[in-house]
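For reference, the chains in residue letters:
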Amino acid sequence: MFETLSDRLTSVFSSLRGKGRLSEEDINATAREIRLALLEADVALPVVREFIAQIKERARGEEVSKALNPAQQVIKIVNEELIEILGGQTREIRFAKNPPTVIMLAGLQGAGKTTLAGKLAKWLAAQRNTPLLVAADLQRPNAVTQLQVMGQRAGVPVYAPQPGNGVGDPVEVARDSIAHAQRNNHNIVIIDTAGRLGVDTEMMQQAADIRDAVSPDEILFVVDAMIGQDAVNTAQAFLDGVGYDAVALTKLDGDARGGAALSIRHITGRPIMFASTGEKLEDFDLFHPDRMASRILD
Ligand code: GDP
């Protein structure tokens with residue numbers, strides 16, 4: 001991810017090397033090149049506009065630093081603005097005062113929710129938590145089994161409807177899981193919910209019903225970074241239909257252009273909390289805007 005953007009920006013910066021100071025023309029030409037690079041990377045237009053306006057303003061106003069040449073100054077500005085657009089700070093989980101802390105996952109089918117549930121459970125367990133995974137995706141026939149496999153790999157128990165009870169009611173399963181967690185000293189509950197291939201009202205309503213039944217401390221919108229501009233549209237639809245506190249970006253290991261990662265914070269106003277970078281349970285961490293910016297500018 002970001003290879004093309006990275007290469008493009010590198011060539012923009014290298015064209016500034018050797019310049020004594022930046023003229024208005026240099027700044028405009030540079031801004032134009034950065035704009036093209038971002039659009040090519042599939043960054044949403046309003047985000048590109050805002051980004052470029054900031055870069056121009058700062059490049060014009062920047063004090064002439066003796067320590068940095070013009071190219072270095074532009075790199076510094078772009079780096080700082082990238083960090084800003086990616087959310088500035090790392091967003092940590094807000095734990096409930098009275099356990100269990102309830103984390104609900106929502107997103108389209110295939111976004112990587114079930115995988116992320118396992119990753120998150122393992123990551124939290126490694127930090128001396130006692131998470132419980134909850135299978136409230138009863139739409140897809142294999143979803144419960146898949147979560148059970150994840151739980152096994154993560155070494156974390158899974159709460160699921162008993163076989164033989166029919167398909168079960170996801171709202172009931174989610175609600176009952178909280179009492180189960182309290183009885184069994186789980187300090188965190190991670191609820192996997194159903195997704196569809198596209199946004200639909202029934203799915204939204206089910207997620208909203210689960211939300212109302214368990215009052216999550218954190219609702220995480222899980223989104224595949226590979227789907228480009230669609231990620232932004234889906235993010236908006238879930239914001240309107242269910243609402244969420246933060247975003248988990250998956251498949252950042254893919255070869256997509258990275259526009260979703262760069263747009264989603266600005267468009268939704270919600271921070272990116274987690275980054276998922278592979279199919280293994282270890283390919284997961286908190287999202288660090290500064291590290292991501294460095295990767296882009298590497
Ligand atoms: P769900 O339908 O939202 O629960 O999605 P799944 O968790 O079943 O994931 C869908 C597919 O994406 C599976 O084949 C996962 O192995 C794969 N996947 C999930 N997260 C990642 C990731 O970060 N990187 C890659 N390359 N694949 C992922």
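Here the structure is shown first, and the text comes after it.
This report concerns the structure included in the present document. In this text the structure is predicted, and so the values were computed from the model without any measurement.

Cut-offs and rules
- Residues numbered from 1 in each chain as written.
- Predicted model: local features only at pLDDT ≥ 70, side-chain atom pairs only at ≥ 80, totals over all residues.
- Heavy atoms only, no water.
- Buried < 20%, exposed > 50% of the residue type's maximum accessible area, 1.4 Å probe, protein only.
- Helix = DSSP H or I, 4+ residues; strand = E, 2+ residues; numbered from the N terminus.
- Pairing = 2+ DSSP bridges.
- Axes fitted to C-alpha atoms, helices over the stretch in contact; angles between N-to-C directions.
- Parallel < 35°, antiparallel > 145°, perpendicular 65-115°, else oblique.
- Left-handed = near helix turned anticlockwise from the far one by under 90°.
- Contact = heavy atoms within 4.5 Å.
- Polar contact = N/O pair within 3.5 Å; in protein donor to acceptor, adjacent residues only side chain to side chain.
- Near = heavy atom within 4 Å.
- Areas by Shrake-Rupley, 256 points an atom, 1.4 Å probe, with all protein chains shown as cover.
- Core = buried A, V, L, I, M, F, W, Y, C linked by side-chain atoms within 4.5 Å.
- Phe/Tyr/Trp six-rings, centres within 6.5 Å; stacked < 30°, edge-to-face > 60°.
- Nonpolar A, V, L, I, M, F, W, Y, C, P; charged D, E, K, R; others polar.

This next bit is on the pairing of strand E1 (residues 101–106). For E1, the buried fraction is high: six of the six residues fall into the buried class. The pairing of E1 with strand E4 (residues 188–193) spans five bridges and is parallel. The residue of E4 that forms the bridge with Met-104 is Ile-191. Across four bridges, E1 lies against strand E5 (residues 218–224) in parallel orientation.

At a minimum axis separation of 10 Å, helix H2 (residues 24–40) and helix H3 (residues 45–61) run at an interaxial angle of 155°. With respect to each other, H2 and H3 are oriented roughly antiparallel. As H2 packs across H3, the resulting crossing turns out to be right-handed. Of H3, the residues touching H2 (which contributes Glu-24, Ile-27, Asn-28, Ala-31, Ile-34, Arg-35, Leu-38 and Leu-39) are Leu-45, Val-48, Phe-51, Ile-52, Ile-55, Lys-56, Ala-59 and Arg-60.

Glancing now at the sheet that holds E5. Read across the open sheet, the eight strands follow the order E3-E2-E4-E1-E5-E6-E7-E8; overall the sheet is mixed. Every other strand in the sheet has two partners, leaving strand E3 (158–159) and strand E8 (284–286) as the edge strands with one partner each. The pairing of strand E6 (residues 246–250) with strand E7 (residues 272–276) spans three bridges and is parallel. Each bridged residue has a counterpart across the sheet, and for Val-247 the counterpart in E7 is Ile-272. Contacts from helix H6 (residues 143–154) reach strand E2 (131–136), E3 and E4 within the one sheet, and its direction differs from that of E2 by about 165°.

Position of Glu-218 among the secondary structure elements: in strand E5. Looking at Glu-218, its side chain comes within polar contact range of the main-chain nitrogen of Arg-94, at 2.7 Å. With near-sequence residues (within four places) excluded, Glu-218 lies in contact with Arg-91, Glu-92, Ile-93, Arg-94, Val-102, Ile-103, Met-104, Asp-245 and Met-273.

Quick look at the site of the ligand now. Near the ligand you find 17 residues, and of these Gly-110, Lys-113, Thr-114, Thr-115 and Glu-279 are the closest. In this structure, Ser-276 approaches the ligand through a side-chain N or O atom, which is 3.0 Å from an oxygen atom. One of the side-chain nitrogen or oxygen atoms of Glu-279 is found 2.6 Å away from an oxygen atom of the ligand. Starting from 580 Å² of accessible surface for the ligand in isolation, the protein chains cover 80%. By residue number, the principal contributor to the shell around the ligand is helix H5 (residues 113–125), which donates four residues.

If you look at the biggest cluster of nonpolar residues, it comprises 105 residues, and the most contacted ones within it are Leu-120 and Phe-274. Among the elements that line this core, the one with the most residues is helix H4 (residues 70–85), at seven residues. Excluding residues that lie within four positions of it along the chain, Phe-274 makes contacts with Ile-93, Leu-120, Trp-123, Leu-220, Val-247, Ala-248, Leu-249, Phe-284, Asp-285, Leu-286 and Phe-287.

This structure, assessed with the given rule, holds five aromatic pairs. For the pair Trp-123 and Phe-284, a centre-to-centre distance of 5.9 Å together with 80° between the ring planes defines the contact as edge-to-face. Here Trp-123 is found in helix H5, whereas its partner Phe-284 is found in strand E8, with 161 residues between them in sequence. Phe-284 carries the same exposure label as Trp-123, and that label is buried. Between Phe-221 and Phe-238, the aromatic rings sit 5.1 Å apart at their centres with planes inclined by 35°, giving tilted as the arrangement. Of this pair, Phe-221 sits in strand E5 while Phe-238 is found in helix H9 (residues 229–241), placing the two residues 17 residues apart along the sequence. A relative accessible area of 1% means that Phe-221 is categorised as buried. Relative accessible area serves as the criterion here: at 2%, Phe-238 is assigned to the buried category.

A few words on the packing of H5 against H6. At a closest axis distance of 9 Å, the pairing of H5 and H6 adopts a crossing angle of 25°. When the axes of H5 and H6 are compared, the pair comes out roughly parallel. Where H5 crosses over H6, the handedness of that crossing is right-handed. Contacts between H5 and H6 involve Thr-114, Thr-115, Ala-117, Gly-118 and Lys-122 on the former and, on the latter, Gln-146, Leu-147, Met-150 and Ala-154. The residue inventory of the contact of H5 with H6, partitioned by class, reads four nonpolar, four polar and one charged.

Function cannot be inferred from these measures alone, as they are strictly geometric.
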